[in-house]
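# Residue-level structure breakdown
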Amino acid sequence: MPKLKTLLLRTNLLLLLFISACGSYKIPADYQKVSINKPIFVGTYFSNPEVDYVYKTHITVYGKELSGIFIVKKINETSHRVVFTTEFGNKLLDFEISETNVTINSIVDELNVKLLIKTLTNDFKLLLNQNYDFSEQLENKEFRVFKVKKDGYFDYFYTNKTDGKLAQIIQTSNSKEKISIIFTVENNIFAQHISVQHRGIPLQLEFQYINQ
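Keep in mind the model is a prediction, meaning the values are calculated, not measured.

## Some remarks on the layout of surface pockets
In this structure, the second largest pocket occupies an estimated 250 Å³ of space. Phe-41, Val-42, Phe-146, Thr-159 and Gly-164 are, among the 15 residues lining the second largest pocket, the residues nearest its centre. Sorting the residues of the lining of the second largest pocket by element identifies β2 (40–42), β10 (143–150) and β11 (153–160) as the ones contributing at least two each. Take the lining of the second largest pocket: its biggest share by element is 3 residues, from β2. Residue composition of the lining of the second largest pocket, by class: 6 nonpolar, 6 polar and 3 charged.

Right, here's the structure in full:
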């Protein structure tokens, strides 16, 4: 994996520029503000501590591809453990993640790039954290949007009005779209497919649930 290490080091430099390259983000005009009854958004994916959530995972960065198995386990009320392995079972990374803390149990040298770790950690927090205080709620005929401000970012959680399932997360910085996460939903406990798209850098993550 030396070529991957070189590629990620190049990515490390280009990540510094990506915020200015992101396009501006605006809520579509047909959304209207509504009153807030309970200012907490609760995510339900990855919420059952008795389930190992296992996904076939494909990462594309600067035209290079990395495939493997992504495993998530809720270990207590506030934390998850995430493990990414090759398809042959060799561990590539092992993190414990909560809303306020990240513990790196292990990571291979080829992935041990500071800004890559920061980017993946942010992605994992968006996917896994479950309780968010939101400051604004909007809706149109199909979706409700919960706007959360945290750590200098705004996160927009789009849920279907018919069933309340989370359909998309958009994270912005300085009014520019940074990350889009789209969920294809089986039920409120897990998403069948998750697509993570970064704006400004060619980094994409695809997760496909593996039935066990």
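## Observations regarding empty space enclosed by the protein
Taking a probe equal in size to a water molecule and rolling it over the atoms shows the remaining empty space. Summed over all chains, the structure comprises 3 cavities of 30 Å³ or more. Looking at the second largest cavity, it is lined by 13 residues, and the ones nearest its centre are Gly-43, Leu-126, Leu-127, Asn-129 and Leu-166. Classifying every residue of the lining of the second largest cavity by side-chain character gives 9 nonpolar, 4 polar and no charged.

## Side note on the pairing of strand β13 (residues 176–185)
Taken together, the 6 bridges between strand β12 (residues 166–173) and β13 define a ladder with antiparallel strand orientation. Pairing of Ser-173 across the sheet is with Lys-176, part of β13. In this structure, the hairpin formed by β12 and β13 is closed by a connection of 2 residues, where Asn-174 is found at a positive phi of approximately 55°.

## So, the confidence of the model for the chain
As a general rule, the predicted coordinates of low-pLDDT regions are not to be interpreted in detail. In this model, the chain carries a mean pLDDT of 85, and residues with pLDDT of at least 70 account for 88%. Looking across the chain, the model is least confident in helix α2 (residues 18–21), with a mean pLDDT of 45, and most confident in strand β5 (residues 79–85), with 96. Ignoring residues within four places in sequence, the model shows residues 13–21, a span with pLDDT below 50, making 16 contacts including any to other chains.

## Comments concerning unusual backbone geometry
Notably, Phe-46 is not glycine yet its phi reads approximately 60°, a positive angle. Tracing the backbone shows Phe-46 in the loop between β2 and β3 (52–61). You can call Phe-46 buried: its relative accessible area is 3%.

## Some words on helix α3 (residues 114–128)
The first and last C-alpha atoms of α3 sit 21 Å apart over 15 residues, in line with the 21 Å expected at 1.5 Å per residue. When you tally the buried positions in α3, you get 12 out of 15 residues, the bulk of the element. The complete set of buried residues in α3 reads Leu-115, Leu-116, Ile-117, Thr-119, Leu-120, Thr-121, Asn-122, Asp-123, Phe-124, Leu-126, Leu-127 and Leu-128.

Calculation criteria
Residues numbered from 1 in each chain as written. Predicted model: local features only at pLDDT ≥ 70, side-chain atom pairs only at ≥ 80, totals over all residues. Heavy atoms only, no water. 1 Å grid on protein atoms, 1.4 Å probe; cavity = no way out; pocket = protein on both sides within 12 Å on 5 of 7 lines; lining within 4 Å. Points joined across faces, edges and corners; volume = space filled by probe spheres on them. Helix = DSSP H or I, 4+ residues; strand = E, 2+ residues; numbered from the N terminus. Nonpolar A, V, L, I, M, F, W, Y, C, P; charged D, E, K, R; others polar. Pairing = 2+ DSSP bridges. pLDDT = per-residue confidence, 0-100. Contact = heavy atoms within 4.5 Å. Buried < 20%, exposed > 50% of the residue type's maximum accessible area, 1.4 Å probe, protein only. Expected span 1.5 Å × (residues − 1).

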